[in-house]
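Commentary on secondary and tertiary structure
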There are 2 protein chains.
Amino acid sequence: MEQIRTLDKLVEYAKEIGPKKVAVACAEDHVVLEAVERARSEGIVDAILVGNADKIAEEAAKAGIDLANYEVADCKNGAAKTALMTVEMVSSGKADIMMKGMLESSDFLRAVLDKEIGLRSGKRVLSHSYIHEIKGWDRLIFITDGVFNTYPELADKIGIAKNVTELCHAFGIEMPKIACLAAVEVVNPKMQSTLDAAALAQMNRRGQIKGCLLDGPFALDNAVSEESAKHKGIAGEVAGKADVLLVDNIDCGNALFKSIVYFSENKTAGIILGTKKPVILTSRADSAETKFLSIATAVAMSK
Amino acid sequence: MEQIRTLDKLVEYAKEIGPKKVAVACAEDHVVLEAVERARSEGIVDAILVGNADKIAEEAAKAGIDLANYEVADCKNGAAKTALMTVEMVSSGKADIMMKGMLESSDFLRAVLDKEIGLRSGKRVLSHSYIHEIKGWDRLIFITDGVFNTYPELADKIGIAKNVTELCHAFGIEMPKIACLAAVEVVNPKMQSTLDAAALAQMNRRGQIKGCLLDGPFALDNAVSEESAKHKGIAGEVAGKADVLLVDNIDCGNALFKSIVYFSENKTAGIILGTKKPVILTSRADSAETKFLSIATAVAMSK
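Residues numbered from 1 in each chain as written. Chains lettered and ligands numbered in written order. Predicted model: local features only at pLDDT ≥ 70, side-chain atom pairs only at ≥ 80, totals over all residues. Heavy atoms only, no water.

Let us now look at the interface of chain A and chain B. In this assembly, 33 residues from chain A lie in contact with 33 residues from chain B. Buried area between chain A and chain B, both sides added, is near 2,900 Å², and the carbon and sulfur share of it is 66%. When residues of chain A are sorted by the area they lose upon contact with chain B, D251(A), Y262(A) and F263(A) head the list and together hold 24% of the total. Applying the counting rule to chain A against chain B returns two salt bridges. On inspection of chain A and its partner chain B, the count reaches 13 residue pairs in polar contact (both at pLDDT 80 or more). Of the residues in the side of chain A that touches chain B, the class split is 18 nonpolar, nine polar and six charged. (Contact = heavy atoms within 4.5 Å. Buried area = accessible area lost by both parts, 1.4 Å probe. Salt bridge = Lys/Arg side-chain N within 4 Å of Asp/Glu carboxyl O. Polar contact = N/O pair within 3.5 Å; in protein donor to acceptor, adjacent residues only side chain to side chain. Nonpolar A, V, L, I, M, F, W, Y, C, P; charged D, E, K, R; others polar.)

In this section: the packing of helix α1 (residues 7-17) of chain A against helix α11 (residues 288-301) of chain A. All names here are of chain A. At a minimum axis separation of 9 Å, α1 and α11 run at an interaxial angle of 50°. For the element pair α1 / α11, the angle class is oblique. Considering the relative orientation of α1 and α11, their crossing is left-handed. For the pair α1 and α11, contact is made by L7, L10, V11, Y13, A14 and I17 and by F292, L293, A296, T297, V299 and A300, respectively. Of the residues that constitute the contact of α1 with α11, the class distribution is eleven nonpolar, one polar and no charged. (Axes fitted to C-alpha atoms, helices over the stretch in contact; angles between N-to-C directions. Helix = DSSP H or I, 4+ residues; strand = E, 2+ residues; numbered from the N terminus. Parallel < 35°, antiparallel > 145°, perpendicular 65-115°, else oblique. Left-handed = near helix turned anticlockwise from the far one by under 90°.)

This part covers unusual backbone geometry. Note that the residue after G18(A), namely P19(A), is joined by a cis bond; omega there is 0°. Tracing the sequence through the fold places P19(A) in the loop between α1 and β1 (20-25). In the segment running from T144(B) into D145(B), the intervening peptide bond is cis, with an omega of 10°. Tracing the chain through its elements places D145(B) in the loop between β6 (141-144) and α6 (154-170). Positive phi values are uncommon outside glycine, yet C26(A) reaches one of about 55°. As for its placement among the helices and strands, C26(A) is situated in the loop between β1 and α2 (30-41).

Attention now moves to the pairing of strand β1 (residues 20-25) of chain B. Residue and element names in this part refer to chain B. In terms of burial, β1 is a largely internal element, five of the six residues being buried. Both β1 and strand β2 (residues 45-51) contribute to a ladder of six bridges, which runs parallel. Residue pairing in the sheet places A23 in a bridge with I48 of β2. On the question of chirality, the crossover connecting β1 to the parallel β2 by way of helix α2 (residues 30-41) is right-handed. (Buried < 20%, exposed > 50% of the residue type's maximum accessible area, 1.4 Å probe, protein only. Pairing = 2+ DSSP bridges. Right-handed = clockwise from strand over helix to strand, strands pointing away.)

Moving on, we get to the pattern of salt bridges. Scanning all chains against the criterion turns up 35 salt bridges over all chains. Here E185(B) ties to K232(B) by a salt bridge, and the two come within 3.3 Å at their closest N and O atoms. Of this pair, E185(B) sits in the loop between β7 (177-181) and α7 (192-205) while K232(B) is found in helix α9 (residues 226-232), placing the two residues 47 residues apart along the sequence. Using a relative accessible area of 23% as the deciding quantity, one classes E185(B) as partly exposed. According to the relative accessible area criterion, K232(B) is partly exposed, its value standing at 40%. A salt bridge links D215(B) to R205(B), with the nearest nitrogen and oxygen atoms 3.9 Å apart. Within this pair, whereas D215(B) is found in strand β8 (residues 213-218), its partner R205(B) is found in helix α7, the two being separated by ten residues in sequence. Shared partners join several salt bridges into a network, and the residues in it are K15(A), R38(A) and E42(A).

Set out below in structure tokens:
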């Protein structure tokens, strides 16, 4: 397949693949319903709306959505039970994708990680990636992980790299270029971020992390800008051409993706990685468009 | 004075104050000379160009600059000696501002920190701040410290907060709003960035950090966007209105400022803080415009 370089292209691709079935936990939120309705009307998904049916009807009315196009699964036993009911639909194969509605992330994730009916894939690391389309850039920029892993150890970062590689493959990027970010591009014994980056780069060379070109440490400028990489004399296949920015910790990743969302002209999607089936964990602050594009991402992943 | 909200306004203000005298260490770099010439022709500075006079003449010719407007101090004894010769001019009062030219940051900073003729102000913490004008924002955004302090302890962060407060005052921001950044806006015993933020916020309330309104932890969105702060239910005078983003560590700060520089429509300046006289440490990758705006910042600071 051709490499997906814009989120409009992603939506086109999701239309080709879809409709997939998404199960929404606690669907009583008009912004979530708006995003789901857009995805449904474009032929990307069908949806099972799980939650308090009365409240779902209220929120659907707010957004002008006809519930006749949906399966509504009533559950009035609270968010935790609703999340479990939703995840069971996905793990049993009744639905393809799980999506977070109006509930706490902790309740949602507890269901995702449930040992019996959850979506955890063995001991695989769970991680999150944002996908940004930024004005003036010729490719999508993936940022991982600014949401889920707080202070990942090297072993976790291996999982994060593998997960985002799989995501990139779903976007038609055959050999994604992953840049491990630090503040500097030299390995400094006093900066753990640079040591982890060096270890990951070497693991990639030794075939321990496959399907991608991983290098680091990089500062952001020489990761994404060929001019800057040249200026600093940094060679290699990743320098200046990174698709993925793999960050050291959540403080960095969170500030970085929010900087793009708030300070740049951008479109953004996000997804949880490493689960048996795609899981969409958007936050309340995300726009309906981000939620919609995240659904399209999940559909691309569920192929 | 009126609050400076754009870097064009900063330049106007620097013209009112100037010309100040800047001493450039290792001035043999045409990009640095271009920035200095622009500042000189706008009446912001006069300059002493310290370094290899032959090479300075070569680089000036490249940039079409007439050296008759400058004092050139010849020094062919290497970068370290040149930096010491430059810092002595500033500490002795012959010049007002010190600026880095074509030499390693380590050589430059060694001179700045020299115990006898350097510019260190007692035991005061040295720090760096970027100043960003970002399209669509009604105020300048200060980011500290993405350059100088790697993994500052709480005690260092107090100094960083005090330094940036002084910078903001020079920009006419009477009570700058400083947001301590983390990935979340709740105090989490397992996230040191949030604990430091809480301590700093309380120190501000107790009058231990004066001249500013400091609060945290914040995630970037609820620090700068009132809508996002409201959405998350975060109150206070800083929430959604931050002028300053005080980051936990260099990995975060470096990625954050470079994200603004590379992904947004922006103008950017930078300066070293906590010294007896203003010090400009721009990097080779900075544009002539950033170097020029950094000179204007130093002039504003040297009032």
